[in-house]
Amino acid sequence: MLEGTEKYVLDQLWAKLDKPEFLNAIAADAHAARRDEIANELDGLDARRVELAAMWATPGGLTATEWKEARQTIAENERRLRTELSELPPPVFNVDIAGARAAWPDMTLDEQREFLRLFIEKVTVNRALPGRPRVFDPDSRVTIEWRER
């Protein structure tokens, strides 16, 4: 039953990957705009640091206390932004489906598992129904939950 299940899941995956709408849905990056906003805010903080240094270096500019307080505020904002950025899911990368299909037989079990995890959330093998023939029918017994982004 295991071999039949593996073949069924893989056949279903290749069929799904042949559909451009599935790949487009997987590749959609809902967090790209926020990632860009954070990058712009971080660039702005760097510009403020340069401006702050110039103000501190100017005679009659900022005192050391003012400079330290402003620098600390900038550092806190940077930490907050970098933490938020690290908590966002990573951007989706382009996967060479044809290359993966060709390389599948040569992949290690861990590589195959990781590839499947890119697209499949969970595979469930349901119980056999009493009174049915003792032939494994993956169409009626195997449920695949596809990953959605």
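Preceding block: the structure.
Residues numbered from 1 in each chain as written. Predicted model: local features only at pLDDT ≥ 70, side-chain atom pairs only at ≥ 80, totals over all residues. Heavy atoms only, no water.

## Observations regarding helix α6 (residues 109–119)
Here α6 has its buried residues at Q112, F115 and F119. Seen end-on, α6 carries its buried residues on one side only, within an arc spanning 65°. Those residues of α6 that are exposed and aimed more than 90 degrees away from the buried face are L109 and D110. (Buried < 20%, exposed > 50% of the residue type's maximum accessible area, 1.4 Å probe, protein only. Helix = DSSP H or I, 4+ residues; strand = E, 2+ residues; numbered from the N terminus. Arc of directions from axis to C-beta.)

## Things to note about the packing of helix α1 (residues 2–17) against α6
Running from N to C, α1 and α6 point in directions that differ by 50°, and their axes come no closer than 11 Å. Relative to α6, the element α1 is oriented oblique. Crossing of α1 over α6 shows left-handed handedness. Within the contact between the two elements, α1 uses L13, W14 and L17 and α6 uses F115, L116 and F119. (Axes fitted to C-alpha atoms, helices over the stretch in contact; angles between N-to-C directions. Parallel < 35°, antiparallel > 145°, perpendicular 65-115°, else oblique. Left-handed = near helix turned anticlockwise from the far one by under 90°. Contact = heavy atoms within 4.5 Å.)

## Focus: the environment of A32
Looking at the element boundaries, A32 is found in helix α3 (residues 32–57). Assessed through its relative accessible area of 28%, A32 is described here as partly exposed. Put simply, A32 and P90 are 58 residues apart on the chain and 9.3 Å apart in space, counted from C-alpha to C-alpha.

## Re helix α4 (residues 64–87)
In a regular helix each residue adds 1.5 Å, so 24 residues correspond to 34 Å; α4 covers 35 Å between its end C-alpha atoms and thus fits that length. Lining the buried residues of α4 we find α3. (Expected span 1.5 Å × (residues − 1).)

## Here's the deal with the pattern of salt bridges
Opposite charge on two side chains makes pairing possible when the charged atoms of those side chains draw close. Under the counting rule described, the total for this entry stands at 12 salt bridges. Of the charged contacts in the structure, one is a salt bridge between R49 and D46, with a shortest N-O distance of 3.1 Å. Placement of the pair is R49 and D46 together in helix α3, with a separation of 3 residues, close to one helical turn. Three or more residues are tied together by salt bridges with common partners; here these are R34, E37, E41 and E84. (Salt bridge = Lys/Arg side-chain N within 4 Å of Asp/Glu carboxyl O.)

## Here we look at the nonpolar core
If you look at the biggest cluster of nonpolar residues, it comprises 12 residues: L10, L13, W14, L17, F22, I26, I97, A100, W104, M107, F115 and F119. Every element with two or more residues in this core is listed here: α1, α2 (20–27), α5 (97–103) and α6. Residues in contact with M107, not counting those within four places in the same chain, are A100 and Q112. (Core = buried A, V, L, I, M, F, W, Y, C linked by side-chain atoms within 4.5 Å.)

## Overview of a nonpolar patch on the surface
A cluster of nonpolar side chains, namely M1, V123 and V125, defines an oily patch on the protein surface of about 260 Å² accessible area. With respect to the element layout, M1 can be found in the segment before α1. (Patch = residues over 30% accessible without salt bridge, like charges linked within 9 Å, V, L, I, M, F, W, Y side chains within 5 Å. Areas by Shrake-Rupley, 256 points an atom, 1.4 Å probe, with all protein chains shown as cover.)

On their own, these measurements won't tell you what the molecule is for.
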